[in-house]
Amino acid sequence: MDIIFPYSRKRKEFGKHCTFTVQGPETVWEDRPNQSRKQKYDVIKMIPVAVQAVPQKSEHDCNTEIVVPSQRGMMHLEGGWPKDIDPTQPDSLNMFRKKVERDENFLLQLLSRANSSTSVVNQNLSLDIYQTYFSDYQADVKEDAPKATIQAVFRDPFPHQRRWAKNIAWHPEIKTRLAAAYSILKFQSTSADLPIASHVWDINNPNNRLYDLHPTSPLCSIQYNFKDSNIIAGGCYNGVLQLWDPRKGSQPYDKTPLEVSHHDPIYKVQWLQSKTGTECATVSSDGTVKWWDTRHFDKPVEQMDLLNKLDMSKLNGTSMDYDPAQGPSKFMIGTEQGLVLSCNRKAKTSAEKVTPPFFGHIGPVYSVQRNPFHSRFFMSVGDWTVKLWIDDLRSPMISTPSDSVYLSAGQWSPTKPSLLFTAKENGYFDIYDVITQKFILSQQVTETPNIGLSALEVQNTGKLIATGGKNGSIYIHELSDSLCQITDTEKTDVLNVLEREAKREKNVDARKKEQQLKERQAAKLEGGGGGGDARTPSASGNRTSTPGGFGVSEGLGTMGSQTQQALERPKTKASRKVVEEEEDEDAIDEIDEGELGDVEKEFMEKVKVDEDEEDEEEQAQEGGEGEEEGGEEGEEEEGGEEGEEGGEEGEEEQ
Amino acid sequence: MSEVEDLIKKIANQRGVTGCMVFNNQGIIIRTTLEQSLTIHYAALITQLCNHTKNTVKKLDDGDDLTFIRLRTTKNEILVAPGFSRIFSSHLSSLSDRDYILVVIQVPVV
C-alpha cells in the first residue's frame, strides 16, 4: 500500500517565498485493528520457561596409557677388567692373572681364606646342620581356621563379551600352569564377534596369558593328556573334539570330522589311563558318549547312547567322571535330566552297559565324581544341593540342605577325603565337610553376586583351586594347610561316616518294604473274600483298609469286583503312590528323604506288581518272617522273599 | 704359583666339593676349577652379594665385619670367604685384606 501525497505547484509561482501555515494534524492513513482477524488468535497468558542457575558442566574420561610390562633378561659378559686390558685377548688376561698371583699378598690372603673354607667344608661333611629332627612325628594338628585366599585373578582379555570360563584344566606337571576353556553356554547368546580363543595361563604372570588356542568353535571343555603334557584336548561348542600341541602353534593339529562328532556341545572330555595314552572319551548333551583314539581321529572307536533304563528315554549327558581306581572301563555320567548313571564300557550286552539310574536331582547334574579315597562313594552336584551316594543304593545317602542358588560345579579334594568344594551361581565358593556334614567355609569370589561361578578345578596337590566366573575371570585360591593336609584318622573317619549313612539308608528302605508288606498282608486278610482272583485283593483291599483313604476308593468299592478290577488296574499304581506318600510322611518323620524314597519306592512297586502277588498264606508267612528279623537284613530278606514269591507262582501255575 | 695351584686343588678335591674359584673384588676371575661361563656368572653375582652383605654388617655395627657367607640352597651349599680385616693379626702387612674372594661350591654329603 503506497502512501503518496501529491504536492503540486504552478510553475509561475516558483520562487515565491514559502508561506507556511499552521495546519492541524490530519490523519493521512490509518490501519485499524482488524477485529475479525483477532478471532483467529488465542492469548497465551503464561509460557513456562526453564531457567537454571547452575554452571555448565561436561563429562570427559581419560585413561593413562597402560604400561605393558614385559620381562627381559640381561646377559652379563665379562667385565671389571682395568681399562688398559682388552678382555677379548686371552693373552693379556692371562698376563694379568699371573701378575696377580705373583703378588705375595695374594698368597697370604688366599691361605687364610682357604683355611676357613676348608674347616667349613669339613663341617658340612661331618654334620648335617639342617637335619630335621622328628620329621615323621606329626605335630598335633591345631585346626587353624579354614581359609582360602585368592592368590591371583586372570581376567578375560575380551571382557565385553562376557564369556564364561567354562572349564579349567591344571597342567599335570607344571604346578603353576592351567588351561581354560571359554564359551557361553546360555542358549542363543553367542554373537558373531564372540572371540573363540581359549587361553593358557601361568600364575607367575597373571597379566598376560601364556598362549592362545584357536579352535573353530568356542571350547566347552579342556584337558591335558596325562602321559604327554604337551597335548591338550578340547571339546567344542559344536560337538567337535580338537587336539593341540602348544609347541606347534595355536591351531589344532587334529580334529574330529563334523559328521561323526557330537551334535551338541561336548561337556566333558577326559583322557583315559591306557597304555598308549592316546584314548579319550567325550560326553555331550546329545545323549551319547564317544571314545576316540587320537591316532585315528576319523571316527570314534566306540559310541554309547545314554538311555534311561526304566522308560527308555534318551538322556543328555552333562558331566562325566572316569575314575581309574574303579577300573579302566567304568565311569559315571551326570545327565541334564538329573539322573546319574554308572556305566561299564566293557559290558557284553547293552543292558549291562548302563545301570538303572540314580534318582535325586531335579535339574542337570553338573558334576559327578567318585571319592578319590573310597571309590564306592560318589557325589553329584546339581540343582540346589550336593548329594552323596553309594553304589548299591539308588537314592542318595546324604543330601545337603537346599541352597538359595544353583550349584554349578563341585569336586572332591584330592588330598583330604572329607572335603568337597562347590561353586555357586551367586559367585560363592563353598567347602563341605563330610565328617561334620556341614559347610565349613563359604566365600564370595566374584565381585558382585550376579556374576556366578561356572567352573571349579582343584589342582592335584590339593593346595590350589581355580574357579572360573561367568565374566570370564579365573580366580586362583590358595587353601590354608588345614584344608589340604590329611590328618591321621581322616580316611577311616570318612569311611565310617559314609558307611553309617549307607547303612541307615538301607535300613530305611528295608523298613518301608516291611511296612508295605504288612499292609498288603492286612489288606489281604480283610478283603480276601471279595476278589477270587489272586491279583485283585492287594489292589482294592489296600485302599479300603488304609486310614487316610480317599473318596475315589470308597466310591469304587461298591462296584462289582470284576469291573472294579478292570477300572482300577490302571489307577492302582497312581493311587498306591499317593497312599504310600501319605503313609510315609506319617510314619517316617525323622527322615528327610521321604520324597526321594518314594520315587524309588514307586520303581520298586512297579517291579513288585509286575511280579504278581499270590496266596495269602504264603504272604502272611513271609510277612511274619519279615517282621521278626532285624532291619539290617531286611533288604536281603526282601530279595529272598521276592525270589520265593516268584518260585511259588511257578508252582501255582503248574 | 704352584703353591696357589696346590691350594686350590686341595680344596677342590675335598669330598662333596664341586668347584672352587678365586676372584678379585672387581669380579675378575683369577682362578677357577669350573667352566668359564658359569664362573663368570658366579663372579658377577657373588661379588655383588659380598659387597651388599658387607655393607649391611658394617652399617649395623661399625666394629663388626663380615667373615664368611654360607648359602645353603636346595641343591648345594655356596661358601664365600670375602676376607676381612683382622686387626690383631700379625701376618698382615697391608691393611686391606679385602682384595680377593674365595668361593667354594659343595654338595653337603654327610
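Going by the structure above, here's the rest.
Structure report, in brief. (Residues numbered from 1 in each chain as written. Chains lettered and ligands numbered in written order. Predicted model: local features only at pLDDT ≥ 70, side-chain atom pairs only at ≥ 80, totals over all residues. Heavy atoms only, no water.)

1. Side note on the overall build of chain B
Of regular secondary structure, chain B possesses two helices and five strands. Mapped from its N terminus to its C terminus, chain B presents α and β elements in the order α-β-β-α-β-β-β. Within chain B, the fraction of its 110 residues that count as buried is 43%. Put simply, of all contacts in chain B between residues at least 6 apart along the chain, 44% involve residues at least 24 apart. (Helix = DSSP H or I, 4+ residues; strand = E, 2+ residues; numbered from the N terminus. Buried < 20%, exposed > 50% of the residue type's maximum accessible area, 1.4 Å probe, protein only. Contact = heavy atoms within 4.5 Å.)

2. Examining the packing of aromatic side chains
Residue and element names in this part refer to chain A. Applying the stated criterion across every chain yields a total of ten aromatic pairs over all chains. Here F378 and W389 contribute two aromatic rings whose centre-to-centre distance is 6.0 Å and whose plane-to-plane angle is 5°, an arrangement assigned as stacked. Of the two residues, F378 sits in strand β18 (residues 377-382) while W389 sits in strand β19 (residues 385-390), which places them eleven residues apart along the sequence. Judged by relative accessible area, which is 0%, W389 ranks as buried. Among the aromatic residues, ring-to-ring pairing joins F358, F378 and W389 into one connected group. Note that K248 overlies the ring of Y253, its terminal NZ or CZ placed 4.5 Å from the centroid. Here the basic side chain of K470 rests over the ring of W164, its NZ or CZ set 4.2 Å away from the ring centre. (Phe/Tyr/Trp six-rings, centres within 6.5 Å; stacked < 30°, edge-to-face > 60°. Lys NZ or Arg CZ within 6 Å of the ring centre and 35° of its normal.)

3. Overview of the sheet that holds strand β15 (residues 330-335) of chain A
Residues and elements named next belong to chain A. Taken in spatial order, the three strands line up as β14-β15-β16 in an open sheet, and their pairing is antiparallel. Taken across any chain shown, the strands that pair with only one partner, and hence form the sheet edges, are β14 (317-322) and β16 (340-344). For this sheet, the mean angle separating the axes of adjacent strands, direction not counted, is 25°. (Pairing = 2+ DSSP bridges. Axes fitted to C-alpha atoms, helices over the stretch in contact; angles between N-to-C directions.)

4. So, helix α1 (residues 2-12) of chain B
Within the span of α1 of chain B, buried status applies to V4, L7, I8, I11 and A12 of chain B. Along the axis of α1 of chain B, the buried positions cluster into a sector of 130°, meaning they face one direction only. Along α1 of chain B, the residues that are exposed and aim more than 90 degrees away from the buried face are D6 and K10 of chain B. Elements in contact with the buried residues of α1 of chain B: α2 (90-102) and α3 (104-126) of chain A together with β1 (17-24), β2 (29-32) and β5 (100-106) of chain B. (Arc of directions from axis to C-beta.)

5. Looking at the nonpolar core
Core analysis: the largest hydrophobic core is formed by 26 residues, its most contacted members being F106 and L110 of chain A together with C20, V22, L102 and V104 of chain B. Where this core is concerned, the elements lending two or more residues are α2 and α3 of chain A together with α1, β1, β4 (77-81) and β5 of chain B. At six residues, the largest contribution of residues to this core is made by α3 of chain A. Excluding residues within four positions of it along the chain, L110 of chain A makes contact with V4, L7, I8, V22 and L102 of chain B. M379, I390, M397 and V434 of chain A belong to the second-largest nonpolar core, a separate cluster that totals 18 residues. (Core = buried A, V, L, I, M, F, W, Y, C linked by side-chain atoms within 4.5 Å.)

6. Comments concerning the sheet that holds β1 of chain B
Residue and element names in this part refer to chain B. Judged by pairing direction, the sheet is antiparallel, and its five strands sit side by side in the order β2-β1-β5-β4-β3 without closing on themselves. Edge positions in the sheet fall to β2 and β3 (69-72), since each has one partner strand and no second. Adjacent strand axes in the sheet meet at a mean angle of 15° when their direction is disregarded. As paired elements, β3 and β4 share four bridges and run antiparallel to each other. Paired with L71 across the strands is I78, a residue of β4. Each of β1, β2 and β5 touches α1; the most contacted strand, β1, lies at about 145° to it.

7. A short note on the interface of chain A and chain B
Quite often, the size of an interface is put as the accessible area lost when its parts meet. Listed as interface residues are 36 residues of chain A and, on the opposing side, 41 residues of chain B. The largest contributions to the chain A side of the interface with chain B come from E101, R113 and L125 of chain A, which together make up 20% of the buried area. Where chain A meets chain B, there are one salt bridge. For E101 of chain A, the salt bridge goes to R31 of chain B, with nearest N and O atoms at 2.8 Å. Remark: the boundary between chain A and chain B carries ten residue pairs in polar contact (both at pLDDT 80 or more). Of all elements in the fold, only α2 and α3 of chain A reach the threshold of two or more residues within the side of chain A that touches chain B. At 20 residues, α3 of chain A tops the list of elements feeding residues into the side of chain A that touches chain B. Split by residue class, the side of chain A that touches chain B holds 17 nonpolar, 13 polar and six charged. (Buried area = accessible area lost by both parts, 1.4 Å probe. Salt bridge = Lys/Arg side-chain N within 4 Å of Asp/Glu carboxyl O. Polar contact = N/O pair within 3.5 Å; in protein donor to acceptor, adjacent residues only side chain to side chain. Nonpolar A, V, L, I, M, F, W, Y, C, P; charged D, E, K, R; others polar.)

8. With respect to the pairing of strand β17 (residues 365-370) of chain A
Residues and elements named next belong to chain A. Taken across its six residues, β17 has five buried, putting it largely inside the fold. Bridge count for β17 against β18 is five bridges, and the pairing is antiparallel. Bridging from a neighbouring strand, S367 pairs with V381 of β18. In this antiparallel pair of consecutive strands, β17 and β18, the connection spans six residues.

Read these as layout, nothing more, since geometry by itself doesn't imply function.
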